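The residues making up each chain are set out below.
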Amino acid sequence: MTMTDTPTPLNRLGRLMVDQPLLPLIGLLILLVAILAVLNPGVLSMFWAGNTIKIAIPLAMLAACQTLTMLTGGIDLSVGTAATIAAYLTATLAPMTGVPPAIAIALASAVVIGLVNGFGVAICRVHPLIMTLGTALIATGCLLVYQRYVIATGVLIPDFLIWLGTGRSFGLPNSLVLFIPFAALVIWAQRRSGFGRLLYAIGANEAAARLSGVRVWQVHLTLYTLSSLIAGVTGLLYLGQIKTASLSLALPLDLPSVAAAVIGGTSIFGGRGGFGGTIVGALILTVLTSMLTLMQIPEGGRRILFGLIILAVTALFIRLTERS
Amino acid sequence: MTAAPSDAVLDATGVAKRFGAVQALKNASLQVGAGQVVALMGANGAGKSTFVKILTGVLKPDAGHVKIKGRESTVANPAGARKWGLVPVYQEPSLIPDLSVADNLRLGDTAMEPFRHWVSELGLPGLDPEAMIRSLPLASLRIVDLARALAIEPDVLLLDELTAALPTDLVDRVLKVVRAQADAGRSVIYISHRFTEIAAICDRATVLRDGLTVGDLPIEPGIEERIVEMMLGGAVAAAVAEERPVKPVPADMPRLRVRGLKTGTRLTDVSFDLHKGEVLGVVALEGQGQDELFDVLAGNRKASAGTVEVDGTARSFHHPADAIAAGLTLVPGDRAHALFMSRSVRENIAAPLLARARNWGAIRMGDEAAKVSAAIETLQIDTRAQGEVRRLSGGNQQKVTIARWIAKGVQTLLLFDPTRGIDIRTKRQIYALVRDLADQGAAVLFYTSELAEIRLACDRAVVIFNGRVVDVIDAKDADEATLMRAAYGLTEKAPA
Ligand SMILES: Nc1ncnc2c1ncn2[C@@H]1O[C@H](COP(=O)(O)OP(=O)(O)OP(=O)(O)O)[C@@H](O)[C@H]1O
Ligand SMILES: [Mg+2]
């Protein structure tokens, strides 16, 4: 045991990632963009950047739900469903009731999903994974019933949602009008509001949170309701972006939203991470997807690669950060 | 420095370790001969635990030589250390909470028979090997940790503040067993902040200050002050029980009136009064119901019978938040139950300030920073590694659990062994702090496993035996012999 070893570069990188988790993530993002530029010279443009941001925003918003719940050691696998329901109800109810009531009903339905999740997690102490998967299944079933028995008189996608979802101003997507204040609020709240702090505290040690006087069930109930509300709003935005009402609109975003949060450095075991990293995580995933698309690999191979890369990046990050 | 015995079983020199900005060890050395118990001493954050972790391969040193039995050590992990005959008991219990005692042993490849032998030797013959680790009190966990280490028959046993969470009866057992190890020719490295223990079993003391080995002394009568001086780098007045005027038991309405409290099987019938301005000690051997008493008062457990009155109003707490609202705040015995290890010192201290739903909004950052730094100042927390509480040394973590309630403001403070693992200088500051809080009108209930603390910090002490109060003793009469006799139930008399 005679050693005079200075910390290896890998160790140092690991420590940097614990203390300044955003820097290496941004580094990775830049690296991916650079690879993309080499593979497809000329693809990078203002338009490409705007498009990437536009696609990343709904993903990042759903990933906000995962980030917040994961901070407490939970997860919310019903966000895709809540978003889809909000979008579908808005589009099908709007022709009958007008836009504002349709949106109100849509968001209220999302909130109901959240309340049920919150009730199950907070009061019945069901594991969030099971609880949110369960409500997602039930809610999807309800949506099918709705679709069968309520004869929709047509589909109407409100103009302002289309403006928000697909429009651009000064080359930048309009959805930033929603996203920038949203992201600022979440990032502010996670560190500088009592509620945000308690999410970290519960994730770090729930028993200790209780002993410091926190009624943990209140936090859980609020958290899951909030998560579904965010998902509902995301559904509306996504509706404007995709411009079709479908019964599985946002479902494919469920797992990528978890991946974005994990890649962004939020620990699934709770107590560590934040939305800043998640936003970069969502951008990384989006760039990765567009890279794979441009590489003209068949769909099957693309998915396999996508999965492998997510696993590799996550494993690497966890290894590096745990080591120091 | 006395020269290393040439037959040193363990000989470490020039060990250094840095964590980011914190230089935990600069130049630490330690020699242990066969048949010796060597005390490793130093203030909180001096680097003792880091040293133990390096010797046993948990951490890699940045520099240094370690020789074991004359050969250059190649220990790279705890399993390797075990092959070399080095077996540690770390400062925090290292057992898997969701497994039984027996399963933990199996995982650690430890034989059951010798383990059982040691457990009963150490004073817990009734321990059920099928019991879940999670369900055991901290003191039992420490005994399990030690018995497991002994069962491996180590050549060098490294004990990091093992006794800090143990009540007196178990401490005595541990000291006997440890001394017997040395007398049988094995070696022990012993870390503790309690001089009585050092004097009782150690042959030498190696003193660390700020990561440097500053001395190596034989233990002899009167050496204590020299060691303290070396540890702290200056003379410190000895803790003497200042002559406090004996306070008559106040006649006003007590802050806390407990009558016939009962829960589970251990706490059968406890009654006492705690007044404003008073520090009431609680003395008990292991498992006499003291854990349950504190849990009930803190709202962490329900009583099955009895009443608790706060300022004359009967209360029953369904949740710690209820107790906190009634002004009862707990520093639990096991800091692992109180701390958010992956969060910063600041967030740990500020947590109770935001607990209630009406404080969920914007945090007044300036206000919070002021409260937190005042509490850090009061308790002299070493915040060099404040980004995550788990990077603090054990004693500094303990201080954070107290600081939290100082920042919130104190009415009735329930302290369960609050000075556990805290060094001698800070202990004195904590006694002074507790007295100050009482003088400012707080009421303090102070359980301690270190009997000498009753005289240093309390006005009176209630002695609990078999789940009942068997004696009430004034601080001036509370010498250790008297307290011990009462704690063993030998002076049973009805409480006033
Ligand atoms: N993982 C870590 N990261 C950063 N700093 C650390 C880490 N572990 C220990 N330290 C720092 O190293 C110093 C020495 O800590 P150590 O735990 O060895 O002290 P100690 O002598 O055991 O103190 P105590 O009596 O309080 O247990 C402390 O300042 C501590 O904050
Ligand atoms: Mg220590």
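Residues numbered from 1 in each chain as written. Chains lettered and ligands numbered in written order. Predicted model: local features only at pLDDT ≥ 70, side-chain atom pairs only at ≥ 80, totals over all residues. Heavy atoms only, no water.

## Here we look at the coordination of the magnesium ion (ligand 2)
Ideal geometry at a metal centre gives angles of 109.5 degrees when four donors are arranged tetrahedrally and 90 or 180 degrees when six donors are arranged octahedrally.
Residues and elements named next belong to chain B.
No. 1: In the first shell of the magnesium ion (ligand 2), the protein supplies Ser49 (OG) and Gln91 (OE1), at 2.0 to 2.1 Å from the metal. You can see Ser49 sitting in helix α1 (residues 48–55) and its partner Gln91 sitting in the loop between β6 (86–89) and α3 (101–107), a full 42 residues away along the chain. We note that Ser49, like Gln91, is buried. (Donors = N, O, S within 2.8 Å, 3.2 Å for Na, K, Ca; no water. Helix = DSSP H or I, 4+ residues; strand = E, 2+ residues; numbered from the N terminus. Buried < 20%, exposed > 50% of the residue type's maximum accessible area, 1.4 Å probe, protein only.)

## Some points on the interface of chain B and chain A
No. 1: The interface of chain B with chain A comprises 49 residues on the first partner and 34 residues on the second.
No. 2: Both faces considered, chain B and chain A share a buried interface measuring about 3500 Å² in area, 55% of it formed by carbon and sulfur atoms.
No. 3: Its largest share of buried area at the contact with chain A, chain B owes to B:Phe340, B:Arg343 and B:Trp360, together 20% of the area lost on that side.
No. 4: Inspection of the chain B/chain A interface yields three salt bridges.
No. 5: For B:Glu347, the salt bridge goes to A:Arg197, with nearest N and O atoms at 4.0 Å. (Contact = heavy atoms within 4.5 Å. Buried area = accessible area lost by both parts, 1.4 Å probe. Salt bridge = Lys/Arg side-chain N within 4 Å of Asp/Glu carboxyl O.)

## Re the domain arrangement of chain B
Residue and element names in this part refer to chain B.
No. 1: In terms of domain boundaries, chain B breaks down into domain 1 (8–235) and domain 2 (256–487).
No. 2: Here the C-alpha centroids of domain 1 and domain 2 sit 28 Å apart.
No. 3: In this assembly, 27 residues from domain 1 lie in contact with 29 residues from domain 2.
No. 4: Of the roughly 2200 Å² buried where domain 1 meets domain 2, counting both sides, 52% is carbon and sulfur surface.
No. 5: Applying the counting rule to domain 1 against domain 2 returns three salt bridges.
No. 6: In this structure, Glu450 and Arg194 form a salt bridge, with 3.4 Å as the shortest nitrogen-oxygen distance.
No. 7: Counting every contact that joins domain 1 to domain 2 gives eight residue pairs in polar contact (both at pLDDT 80 or more). (Domains from an automatic or database assignment. Polar contact = N/O pair within 3.5 Å; in protein donor to acceptor, adjacent residues only side chain to side chain.)

## Examining the pattern of salt bridges
When the charged atoms of two side chains with opposite charge come close together, those side chains can pair.
No. 1: Scanning the entire structure with this criterion turns up 32 salt bridges over all chains.
No. 2: A salt bridge links B:Arg435 to B:Asp459; the shortest N-O distance between them is 3.1 Å. Here B:Arg435 is found in helix α14 (residues 424–439), whereas its partner B:Asp459 is found in the loop between α15 (452–457) and β19 (460–465), with 24 residues between them in sequence.
No. 3: Each of A:Arg197, B:Arg343, B:Arg346, B:Glu347 and B:Glu368 takes part in a single network of salt bridges with overlapping partners.

## A look at the nonpolar core
No. 1: Counting 86 residues, the largest nonpolar core has A:Phe179, A:Phe182, A:Val219, A:Phe275 and A:Ile284 as the members making the most contacts within it.
No. 2: The next biggest cluster of nonpolar side chains, apart from the first, holds 55 residues, and it includes B:Ala139, B:Ala149, B:Val177 and B:Met231. (Core = buried A, V, L, I, M, F, W, Y, C linked by side-chain atoms within 4.5 Å.)

## Details of the side chain of B:Gln397
Residue and element names in this part refer to chain B.
No. 1: Note that Gln397 resides in helix α13 (residues 394–408).
No. 2: For Gln397, a relative accessible area of 5% corresponds to the buried category.
No. 3: Apart from the residues lying within four places of it in its own chain, the contact partners of Gln397 are Glu92, Arg335, Leu339, Met341, Val389, Arg390 and Leu392.

## Concerning the pairing of β6(B)
Consecutive side chains along a regular strand alternate between the two faces of the sheet.
Residues and elements named next belong to chain B.
No. 1: Of the two faces of β6, the one holding Leu86 and Pro88 and the one holding Val87 and Val89 are both buried throughout.
No. 2: As defined by bridge partners, β6 adjoins strand β7 (residues 156–160) across four bridges and the pair is classed as parallel. By the bridge assignment for β7, Val89 is matched with Leu159. (Pairing = 2+ DSSP bridges.)

## Side note on the pairing of strand β12 (residues 267–274) of chain B
Residue and element names in this part refer to chain B.
No. 1: Across five bridges, strand β11 (residues 256–263) lies against β12 in antiparallel orientation. Across the sheet, Val258 pairs through a bridge with Phe272, a residue of β12.
No. 2: Joining the antiparallel neighbours β11 and β12 is a turn of three residues, in which Gly264 adopts a positive phi near 55°.

## Details of the site of ligand 1
Residues and elements named next belong to chain B.
No. 1: Lining the immediate surroundings of ligand 1 are 22 residues, of which Lys48, Ser49, Thr50, Ser393 and Gly395 lie closest.
No. 2: Separating an oxygen atom of ligand 1 from a side-chain N or O atom of Thr50 is a distance of 2.5 Å.
No. 3: At a separation of 3.3 Å, an oxygen atom of ligand 1 approaches a polar side-chain atom of Glu161.
No. 4: Coverage of ligand 1 by the protein amounts to 91% of the 650 Å² it exposes when considered alone.
No. 5: Those elements that place two or more of their residues in the shell around ligand 1 are β2 (22–32), α1 and α13.
No. 6: For the shell around ligand 1, the leading source of residues is α1, giving three residues. (Near = heavy atom within 4 Å. Areas by Shrake-Rupley, 256 points an atom, 1.4 Å probe, with all protein chains shown as cover.)

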